[in-house]
Amino acid sequence: MGMSESELIKRFDEAIANNYICPFYQMQINHSTKRLVGAEALMRWIDPVYGVQYPNDFIPVFEKNGLINKADIHIFECVCKFLKKCILKGLNLIPISVNLSRYDLLIDNLVEILENIRIKYNVPVKYLRVEITESAAVNGMDSIKKAINQFHNYGYIVEMDDFGSGYSSLNILKDLDFDIIKLDLRFFSECNNGREGIIISSVVNMSKWLNTPIIAEGVEKNNQADYLRSIGCNYIQGYLYSKPTEESEFEKLIINITHESAISNKIDSLYEFDTIKLWEPNSDGTYIFNNLMPASAIFSYNNHNIEILKVNKKYITELGMHLNEYDIMHLDHNKKFIDNYFEVFENTLQKAIDSKQEEKCIAWYQYYSKCCKEDKICIESRIQMIGTNGNEYLFLETINNITRQIHEYEELNLSEKRFRYASEQINIYAWEYDVSTKEMRPCFRCMRDLGLPPLLKNYPEPVIENGIFPADYADMYRDWHKQIENGVKELEAVIPLTPNRVPFLVRYTTEFDENGRPLKAYGSAELIIQNNK
Ligand code: C2E
Ligand code: CA
Ligand code: CA
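How each quantity is defined
Residues numbered from 1 in each chain as written. Chains lettered and ligands numbered in written order. Predicted model: local features only at pLDDT ≥ 70, side-chain atom pairs only at ≥ 80, totals over all residues. Heavy atoms only, no water. Pairing = 2+ DSSP bridges. Helix = DSSP H or I, 4+ residues; strand = E, 2+ residues; numbered from the N terminus. Axes fitted to C-alpha atoms, helices over the stretch in contact; angles between N-to-C directions. Donors = N, O, S within 2.8 Å, 3.2 Å for Na, K, Ca; no water. Buried < 20%, exposed > 50% of the residue type's maximum accessible area, 1.4 Å probe, protein only. Expected span 1.5 Å × (residues − 1). Arc of directions from axis to C-beta. Near = heavy atom within 4 Å. Polar contact = N/O pair within 3.5 Å; in protein donor to acceptor, adjacent residues only side chain to side chain. Areas by Shrake-Rupley, 256 points an atom, 1.4 Å probe, with all protein chains shown as cover. Lys, Arg positive; Asp, Glu negative; His and termini not counted. Salt bridge = Lys/Arg side-chain N within 4 Å of Asp/Glu carboxyl O. Contact = heavy atoms within 4.5 Å. Phe/Tyr/Trp six-rings, centres within 6.5 Å; stacked < 30°, edge-to-face > 60°. Lys NZ or Arg CZ within 6 Å of the ring centre and 35° of its normal.

So, the sheet that holds strand S16 (residues 428–434)
- The antiparallel open sheet is built from five strands, whose spatial order is S17-S16-S20-S19-S18. Of all strands in the sheet, those bounded by a partner on one side alone are strand S17 (439–442) and strand S18 (490–497). In this sheet, adjacent strand axes meet at a mean angle of 20° when their direction is disregarded.
- Bridge count between S16 and S17: four bridges; the pairing is antiparallel.

Some thoughts on the coordination of the calcium ion (ligand 2)
- Bound to the calcium ion (ligand 2) on the protein side are Glu40 (OE), Asn99 (OD1), Glu131 (OE) and Asp161 (OD), at distances that span 2.1 to 2.3 Å.
- When the donor residues of the calcium ion (ligand 2) are listed from N- to C-terminus, their spacing reads E-x58-N-x31-E-x29-D.
- In this structure, the calcium ion (ligand 2) lies 4.0 Å away from the calcium ion (ligand 3), the two metals sharing aspartate 161 as a donor. Of the two residues, glutamate 40 sits in strand S2 (residues 35–47) while aspartate 161 sits in strand S6 (residues 157–163), which places them 121 residues apart along the sequence. The two residues glutamate 40 and aspartate 161 agree in class, both being buried.

Re the coordination of the calcium ion (ligand 3)
- In the first shell of the calcium ion (ligand 3), the protein supplies Asp161 (OD), Asp162 (OD) and Glu217 (OE), at 2.2 to 2.3 Å from the metal.
- Ordering the donors of the calcium ion (ligand 3) by residue number gives the pattern D-D-x54-E.
- A relative accessible area of 8% places aspartate 161 in the buried class.
- We classify glutamate 217 as buried; its relative accessible area is 8%.

Concerning helix H6 (residues 141–154)
- The end-to-end C-alpha separation of H6 is 20 Å, in line with the 20 Å expected for 14 residues at 1.5 Å each.
- Three or more residues of H6 are buried, namely Ser143, Ile144, Ala147, Ile148 and Phe151. End-on, the buried residues of H6 take up no more than an arc of 130°, which puts them together on one face. What points out from H6, more than 90 degrees from its buried face, is the exposed set Asp142 and Asn153.
- Among the residues trailing H6, glycine 155 stands out with phi positive, at a value near 95°.

A look at the site of ligand 1
- Around ligand 1, the surrounding shell holds 24 residues, and the nearest of these are Arg44, Asp72, Arg186, Glu220 and Tyr239.
- Aspartate 72 is positioned with one of its side-chain polar atoms (N or O) 2.6 Å from a nitrogen atom of ligand 1.
- Separating an oxygen atom of ligand 1 from a side-chain N or O atom of arginine 186 is a distance of 2.7 Å.
- Within the complex, 86% of the 790 Å² of free accessible area of ligand 1 lies under protein.
- Every element with two or more residues in the shell around ligand 1 is listed here: S2, helix H3 (55–64), helix H4 (68–89), strand S4 (96–100) and S6.
- Among the elements that line the shell around ligand 1, the one with the most residues is S2, at four residues.

Observations regarding the side chain of glutamate 380
- If you trace the backbone, glutamate 380 turns up in strand S14 (residues 373–389).
- One buried charge, glutamate 380, has no salt-bridge partner; the nearest side chain with opposite charge is lysine 360, at 4.2 Å.
- Not counting residues within four places of it along the chain, the set of residues in contact with glutamate 380 comprises Lys360, Cys361, Ile362, Thr398, Ile399, Asn400 and Ile402.

Remarks on the pairing of S14
- The pairing of strand S13 (residues 359–369) with S14 spans 11 bridges and is classified as antiparallel. Bridge assignment links alanine 363 to a residue of S14, and that residue is isoleucine 379.
- Note: S14 against strand S15 (residues 392–401), 10 bridges, orientation antiparallel. Across the sheet, glycine 387 pairs through a bridge with leucine 394, a residue of S15.

Quick look at the packing of aromatic side chains
- Taken as a whole and judged by the stated rule, the model has 23 aromatic pairs.
- Ring geometry for tryptophan 45 versus phenylalanine 62: centroids 6.2 Å apart, planes at 40°, classification tilted. Note that tryptophan 45 is positioned in strand S2 and phenylalanine 62 in helix H3, a separation of 17 residues in sequence.
- With relative accessibility at 0%, the residue tryptophan 45 sits in the buried group.
- Taken together, the aromatic side chains of Phe299, Tyr301, Phe337, Phe342, Phe345, Tyr365, Tyr367 and Phe395 make up a single cluster linked through ring pairs.
- In this structure, lysine 243 is placed above the aromatic ring of tyrosine 239, and the distance from its NZ or CZ to the ring centre is 4.7 Å.

Regarding unusual backbone geometry
- Backbone torsion omega between tyrosine 459 and proline 460 reads 10°, so that peptide bond is classified as cis.
- Unusually for a residue other than glycine, asparagine 19 sits at a positive phi of about 55°.
- Within the element layout of this structure, asparagine 19 appears in the loop between helix H2 (12–17) and strand S1 (21–30).
- For histidine 304, which is not glycine, the phi dihedral falls at a positive 65°.
- Position of histidine 304 relative to the elements: it lies in the loop between strand S11 (296–302) and strand S12 (305–311).

Shown next, in the form of structure tokens:
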């Protein structure tokens, strides 16, 4: 049953004195580990006559009538009492957030008042957090800035509540030194046009760059929580895990669930450098990344999901698709892999996680750009893990676009196939002679028709010995191989071959290395069709 405004005001003092006004607690859970990371205290008025009253019905009245300060300080004290009780019982504690109204920030000595209560109950400051709603900015930034500084001086964690609900969220992020962002999914549920996913993932991404963890509120369904986890937001508060519950119930909950030490968005760097330096526009890390590194990207990997966080100019040039940074970072990176190359790539990531070394991977991708339309490209990547944060990994990737080389190789392969096929048709025998080893490799047809093994050493002696080459041509043929060694480019003669002495046009073409030294000679013997036969 609802209470009227005058009833609320009339019975306010009584409600405080009798703890009708009291906190309910809602758990905050790490969705990846299912561990408890904290809780929020939410005000309730449990009236013996009117039943449970919810904040939306009485907080506006309190704010209008100046009762809110007393109510909020009362809740803060209840939370301290509760934490003290837990300490005495030897329970495992978690930090609890207390809400502050924007009207509280107008009290000059608010922080001292709260601090005195904390000291009275002797609760370590790490178990208390305060939530300041984004809309408090309507009072101007100064009172918020002052409050944050004072809270920080005493060691409190300060959360920005209802991020995204106001009109100047970005300015607030830029100007105010919050420790945790609270993002309410219910603000986004009205737009079902796909924009909410983009906004939420951008906020989560931005929070990583700022090293500010996000707690997502109002999460009711598992698929929402899974989505949030997939974009790197693990901390969840919502009906999915629990509704706000009264103190005694909540006490049971915190006994029965495993706890996690601290909320953190910090990527544990594996190296000397601080990964946040990579995001600072003027840091050495940024300069090196942008100007001195080869074509490189930094991407995060979490639960089969790849998200590119940063690329340099050379990376864009190397892709050669006329995409810009924005295009690249907003692609669905899991989908750009062709066939099973995502699996290949993931295997390499796992190797890099295990070995902590640079690992190589070649994969095919399908890219789309306005100018090039659809194109398949082959990228050789060298991948190294540079940081990790639980289930999330940060990688540095340097790339080499090897599409052209692959196509050239394929063309070569194809022309070799064509050649083999053609030689079958036109009665050509072919072989390859290695100048330095004097080894000869015959074509399939030589092996089949002339009974040659796949490799002949000390060439040409074996074919002279077995009589394929007639003795009277032997010296000439030996001399050819000397000439090849000395750098002759081509040789040609008609020689009667095989025991039947059939005339063949025998040819050699020599291949040289970049210094002009002979490497190999390609021999062929073409049957001369005798017209007079
Ligand atoms: P808030 O700070 O954004 O608190 C979260 C609200 O979302 C709570 O509503 C909570 O019960 C609700 N909620 C949490 N998970 C879910 C979910 O999965 N689905 C839905 N539909 N709702 C969910 P509640 O307790 O009614 O509080 C409403 C608002 O009243 C709070 O919003 C806060 O702005 C204010 N408030 C609550 N307690 C206090 C307090 O002690 N002091 C002050 N100044 N304001 C308070
Ligand atoms: Ca809140
Ligand atoms: Ca909120």
